[in-house]
Amino acid sequence: MKVSVIILLLMTLTALAAPFLANDRSFSSLLSPPIPYHPNSTDSDAILTPPNRSHLLGTDDIGRDVLAQLIWGTRISLSVGLVAMSIALTLGIFLGGIAGYFGGIWDLLISRLIEIFSCFPTFFFILALLSFVGPSLLNLMIVIGGTSWPGIARLVRAEFFRLREEEFVKAASALGAGSFRILFRHLLPNIVRPLVVIASFGIAAAILGEASLSFLGFGVRPEDPSWGSLLASGEAYWDVAWWLTLAPGSAIFLTVTAFNLLGESFRNR
Amino acid sequence: MSLLEVKHLETHFYHEKSVIKAVDGVSLYLAKGEAVGIVGESGCGKSVFAHSLLRLIPSSHGRIVGGAIMYHLPHQPNPIDLMKLPEEKMRSLRGKRMAMIFQEPMTSLNPLSTIGDQIAEAIALHEGGSRAVIRDRTLEMLQLVGIPVPEKRIDAFPHELSGGMRQRAMIAMALSCKPDILIADEPTTALDVTIQAQILELLAKLREQLGMALLLITHDLGVVAEVAHRVMVMYAGKCVEEGTVQEIFHHPKHPYTQALLRALPSFGKRGGKLPTIPGAVPSLAHLPEGCAFQDRCPKVQERCRKGAVPDDPSHVGRLVRCYYA
């Protein structure tokens, strides 16, 4: 728990401070970036240099600093994870909530939709969708988020089914509260805990999904250095430049593990 | 003048293929400031009747299939039928004009909000006002229902309060908009006897103080005798006898009411077994033709097994649904 929170906090800080941490120009004379390279600035004199004093994690095949790319990649990976999960949560809570609270025909329709969506092998579904809309950061977030809501919807539906029979729901409507007020003011706060658990696992899955898609070339454009695309560009040189795959691979591993451990510890509370 | 007039209300539940007539043609009137008790065994339909008045029957399980609920709004010549009211209008009536308190004060409070927030919600929904005004009203309500140190309790969560305090908070919630009618659905069942007495006393006091009508649902005859002016006795979804407290307790006419009163323990007759009513309440899904009490009734005749029993067949002068009263 503590370790994963610390890792994630550091990751977030890195993502937020990326332009100050790794840049070829400084924003003020007082604050020069500790890593003096921009992720997209190339250096033809330093191609595929192994880790050394000036390039802590080496350089890639066109002379870009790997550490700088990794730091900027944190922004992309984390934002994909968070935004995709927010989309999935919004859809899941909305659809699951309607199905669970109103029941009847709504439940029938939404439950079938959940089942249809769960039937698709998600990863290939995402691949297919991305080949239609074209790879971009925004599309990646929308497509990952838009396909990972069924699990959340199912959970919300089941919990609302249980909660709507509770007396305090009837008491609230006896006081004149409307359906949406009951849904969001009385029922939703009661399921925050399972939602936090499912969200932290979901962020991990989204980051992993982004990395896999970028690795396959369906992810972000090459000028945005995501961890997955770093991994992909390193793959061609794995036998001569091990640092190109090890660095982004470890970053992905660390972040996904941290989110999973976080979810695990929330679940066991 | 009657405030609320319920005419031949019918609420049915549907389970698989059978129809359960939980409330089967019950009529009742409630005057301004009056206290009416509804008594009956578990499952006789008294709670369903109460919930039907606020149209709180979950549509997934059952429906109000017939009858009218005429409600006289103050300063208006004609009553409105709550059954024909659109849901939105009904919602603005709930909590504002007619409020309800429930049996289990633990489960009827949201475990995740403070009692202050829950009382404030009712006020904000119907009357609005700034946060400070609403908070003052909330404190005032907590004071009114006799919660000591309301400034401290206003931010307490339901689990931090005792059963009696929780029920007081529930009452404060229901009364926060000064309703004309308070429906209390077994408000003291979950409480200790001493707390029960306190809560009943509080309800009686508040009814007088605020001039509202009280509909008290209970299976406790003692409670009714203490609080109510008039009593309605329900059996298997029907009203079997109705009258003033004196009429029901001193001159019960229906064999069921008589048997119920005989089954009460009293100081007069010590020792010996209490008389019980033989048999069990018939299943609401398979009611016999004629009087529902026929299989347990000492006076049963051939006539009781055929056709519905009219309101007052033996001309007692009030509602007694029995040929041999």
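Numbers given for residues are sequential positions, taken from 1 along each chain in its written order. In the order they appear in the text, chains get letters beginning with A and ligands get numbers beginning with 1. Owing to the predicted nature of the model, reporting of local features is limited to residues with pLDDT of at least 70; listing and counting of side-chain atom pairs is limited to 80 or more, with chain, interface and lining totals taken over all residues.

(A) Main features of the sheet that holds strand β10 (residues 238–244) of chain B. Residue and element names in this part refer to chain B. DSSP-based pairing: two strands are paired if at least 2 bridges between them are found. Each helix is a run of DSSP H or I of at least 4 residues and each strand a run of E of at least 2, with the numbering of both proceeding from the N terminus. Taking strand neighbours across the sheet as the criterion, the 6 strands line up as β6-β7-β8-β3-β9-β10 in an open arrangement whose pairing is mixed. At either end of the open sheet lies a strand with only one pairing partner, and these are β6 (98–101) and β10. In this sheet, neighbouring strand axes are inclined to one another by 15 degrees on average, regardless of whether the strands run parallel or antiparallel. Pairing of strand β9 (residues 230–235) with β10 involves 6 bridges; the strand directions are antiparallel. To define axes, lines are fitted to C-alpha atoms, for helices over the stretch in contact only, and angles between the resulting N-to-C directions are given on a 0 to 180 degree scale.

(B) Quick peek at the pairing of strand β4 (residues 62–71) of chain B. Residue and element names in this part refer to chain B. In the sheet, strand β1 (residues 2–15) pairs with β4 via 8 bridges, with the strands oriented antiparallel. By the bridge assignment, K7 is partnered in β4 with A68. With 2 bridges joining them, β4 and strand β5 (residues 80–81) adopt antiparallel strand pairing. Across the sheet, M70 pairs through a bridge with D81, a residue of β5.

(C) Representation of the interface of chain B and chain A in the model. Taken together, the contacts link 21 residues of chain B with 16 residues of chain A. Among the secondary structure elements, those contributing two or more residues to the side of chain B that touches chain A are α2 (87–93), β6 and α3 (115–126) of chain B. It is α3(B) that provides the largest number of residues to the side of chain B that touches chain A, a total of 3 residues. Gly is put with the polar residues, along with every residue not named as nonpolar or charged; the nonpolar set is Ala, Val, Leu, Ile, Met, Phe, Trp, Tyr, Cys and Pro, and the charged set is Asp, Glu, Lys and Arg. A breakdown of the residues in the side of chain B that touches chain A according to their chemical character gives 10 nonpolar, 7 polar and 4 charged. By the criterion used throughout, residues are in contact when their C-beta atoms, derived from the backbone, lie within 7 Å.

(D) Structural view of the environment of F215(A). Structurally, F215(A) can be placed in helix α9 (residues 192–215). Excluding residues that lie within four positions of it along the chain, F215(A) makes contacts with G228(A), L231(A) and A232(A).

(E) Representation of unusual backbone geometry within the structure. For L48(A), which is not glycine, the phi torsion reads 50 degrees and is therefore positive. When you line up the elements, L48(A) lands in the loop between α1 (2–21) and α2 (66–102). Backbone geometry places E186(B), a non-glycine residue, at a positive phi of 45 degrees. By the secondary structure assignment, E186(B) is in the loop between β7 (181–185) and α7 (193–210).

(F) View of the packing of α9(A) against helix α10 (residues 227–235) of chain A. Residues and elements named next belong to chain A. Two elements in contact, α9 and α10, have axes separated by 7 Å at closest approach and are oriented at 35 degrees. You can see that α9 and α10 cross each other, and the crossing is right-handed. Seen from α9, the contacting residues are E210, A211, S212, L213, S214 and F215; seen from α10, they are W227, G228, S229, L231 and A232. In the contact of α9 with α10, the residues fall into 6 nonpolar, 4 polar and 1 charged. When the near helix sits turned anticlockwise from the far one by under a right angle, the crossing is termed left-handed; a clockwise turn instead gives a right-handed crossing.

(G) Expanded view of the sheet that holds β4(B). Within the open sheet, the 4 strands sit side by side as β2-β1-β4-β5 (chain B). Their pairing is antiparallel. Lying at the two open borders of the sheet, with one neighbouring strand each, are β2 (18–31) and β5 of chain B.

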